[in-house]
Amino acid sequence: MKVKTILVSQPEPKVENSPYLRLVEKQKIKVDFRPFIHVEGVNARDVRQQKIDLTQFTAIILTSRNAVDHFFRIAEEMRFKVPDSMKYFCQSEAVAYYLQKYVVYRKRKIYVGKRTFQELTPLIKKYKEEKFLLPSSDVLKPIVPESLDDLKIQWTRAILYKTVISDLSDLRDVYYDILVFFSPSGIESLLKNFPDFKQNDTRIAVFGNTTVKAATDAGLRIDIEAPTPETPSMTMALEKYISKVNNKK
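Computed from a predicted structure; not experimentally measured.

Conventions we followed
Residues numbered from 1 in each chain as written. Predicted model: local features only at pLDDT ≥ 70, side-chain atom pairs only at ≥ 80, totals over all residues. Heavy atoms only, no water. Helix = DSSP H or I, 4+ residues; strand = E, 2+ residues; numbered from the N terminus. Buried < 20%, exposed > 50% of the residue type's maximum accessible area, 1.4 Å probe, protein only. Salt bridge = Lys/Arg side-chain N within 4 Å of Asp/Glu carboxyl O. Core = buried A, V, L, I, M, F, W, Y, C linked by side-chain atoms within 4.5 Å. Contact = heavy atoms within 4.5 Å. Pairing = 2+ DSSP bridges. Right-handed = clockwise from strand over helix to strand, strands pointing away. Arc of directions from axis to C-beta. Axes fitted to C-alpha atoms, helices over the stretch in contact; angles between N-to-C directions. Parallel < 35°, antiparallel > 145°, perpendicular 65-115°, else oblique. Left-handed = near helix turned anticlockwise from the far one by under 90°. Nonpolar A, V, L, I, M, F, W, Y, C, P; charged D, E, K, R; others polar. Phe/Tyr/Trp six-rings, centres within 6.5 Å; stacked < 30°, edge-to-face > 60°.

A. Main features of unusual backbone geometry. Note the cis peptide between Ala226 and Pro227, where omega equals -5°. Structurally, Pro227 is set in the loop between strand 11 (222-226) and helix 9 (234-246). Its identity as a non-glycine residue notwithstanding, Lys51 has a phi of 60°, on the positive side. Mapped onto the elements, Lys51 comes out in the loop between helix 2 (44-49) and strand 4 (59-62). Note on Lys51: relative accessible area 75%, which makes it exposed. Phi angles above zero are rare outside glycine, and Lys152 is one such case at about 60°. Tracing the chain through its elements places Lys152 in the loop between helix 6 (143-150) and strand 8 (154-165). Given the relative accessible area of 68%, Lys152 is considered exposed.

The following block contains the structure:
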């Protein structure tokens, strides 16, 4: 069956040259965006119940823009003035760049990894004497605490925000040819919102091994998968699939 409509279970990209825009123009299809999950901040009282004292830390490990936002939100709620001497260990350049929203970049000690958390750990290892705080969601990849424990450093996790399933009830009678997922939480949201979901002719596109496993465990048929050596991005995987099915004679 030909593909005319796609629903991506994420917020719409804010960049002008989004690869999804090029996909729409090239394949003459409709792509909608809708977050299947969203983030809600934990309040200061709940953070205190985790026995988190912000004054005890000399370094912050930031794995995402959400971590940046919620660390500074909680600091403000707790009336904690973040000292200029605080060290920031950012998982990627994107996270480090986002940090400029809250601090004067050139006046702070900021250490930047390449992309993955494992690539950040050698930088952390050089500063073993620091007391590290890891602001995180209630959902944390096991590789993160495992890697930090292996470094034998002083670190504490603070759950500052939670991943929450979005209400998708308005989509109950809306049909899309392809549903695109990037996390197990997205699959969970689909099934929580629509426990009677029948896949039928709907194609499922998934990104990453954990999402593949979640979809398979849920009994869904996976039609499009990324990343692969041939299609390292989701948009490339979608384009390859759409070109194949839409151009059939």
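The rest of the description comes next.
B. A look at the pattern of salt bridges. Overall, the coordinates contain 12 salt bridges when judged by the stated rule. Two residues, Arg73 and Glu77, come together in a salt bridge whose shortest N-O distance is 2.8 Å. Linking Arg73 with Glu77, this pair stays in helix 3 (residues 65-77), spanning 4 residues, or about one helical turn. Judged by its relative accessible area of 34%, Glu77 falls in the partly exposed class.

C. Spotlight on the nonpolar core. If you look at the biggest cluster of nonpolar residues, it comprises 30 residues, and the most contacted ones within it are Leu54, Leu62, Tyr88 and Leu99. Listed by contribution, the elements that provide at least two residues to this core are helix 2, strand 4, helix 3, strand 5 (87-90), helix 4 (93-98) and strand 8. Ranked by residues supplied to this core, first place goes to helix 3 with 6 residues. Look past the residues within four positions of Tyr88 in its chain and what remains in contact with it is Ile60, Leu62, Phe72, Val82, Leu99, Val103, Arg108, Lys109, Ile110 and Tyr111. Core analysis: the second largest hydrophobic core is formed by 18 residues, Val31, Ala226, Leu238 and Tyr241 among them.

D. Region of the structure containing the pairing of strand 1 (residues 5-8). Taking every second residue as pointing to the same face, both faces of strand 1 are buried, with Thr5 and Leu7 on one and Ile6 and Val8 on the other. Two elements, strand 1 and strand 2 (residues 30-33), share 4 bridges in a ladder whose sense is parallel. When the sheet's bridge partners are listed, Val8 is paired in strand 2 with Phe33. In this fold, strand 1 hands off to helix 1 (residues 19-27), which returns the chain to strand 2; that crossover is right-handed.

E. Region of interest: helix 5 (residues 117-125). Along helix 5, the positions that sit buried rather than exposed are Phe117, Leu120, Thr121 and Ile124. Each buried residue of helix 5 lies within a common arc of 115° when the element is viewed along its axis, so the set occupies one face. Against strand 4, strand 5, strand 6 (109-112), strand 7 (131-137) and helix 6 lie the buried residues of helix 5.

F. Geometry of the packing of helix 5 against helix 6. Where helix 5 meets helix 6, the closest approach of the two axes is 10 Å, and the angle between their N-to-C directions is 25°. Relative to helix 6, the element helix 5 is oriented roughly parallel. Handedness of the crossing formed by helix 5 with helix 6: right-handed. Between helix 5 and helix 6, the residues in contact are Phe117, Gln118, Thr121 and Ile124 and Ile143, Val144, Ser147 and Leu148, respectively. For the contact of helix 5 with helix 6, a count of residues per class yields 5 nonpolar, 3 polar and no charged.

G. Focus on the packing of aromatic side chains. Counted by the stated rule, this structure contains 10 aromatic pairs. Aromatic pair Phe36 and Phe181: ring centres 5.6 Å apart, planes at 85°, arrangement edge-to-face. With Phe36 in the loop between strand 2 and strand 3 (37-41) and Phe181 in strand 9 (residues 178-181), this residue pair connects regions lying 145 residues apart in the sequence. The buried category is assigned to Phe36, whose relative accessible area is 3%.

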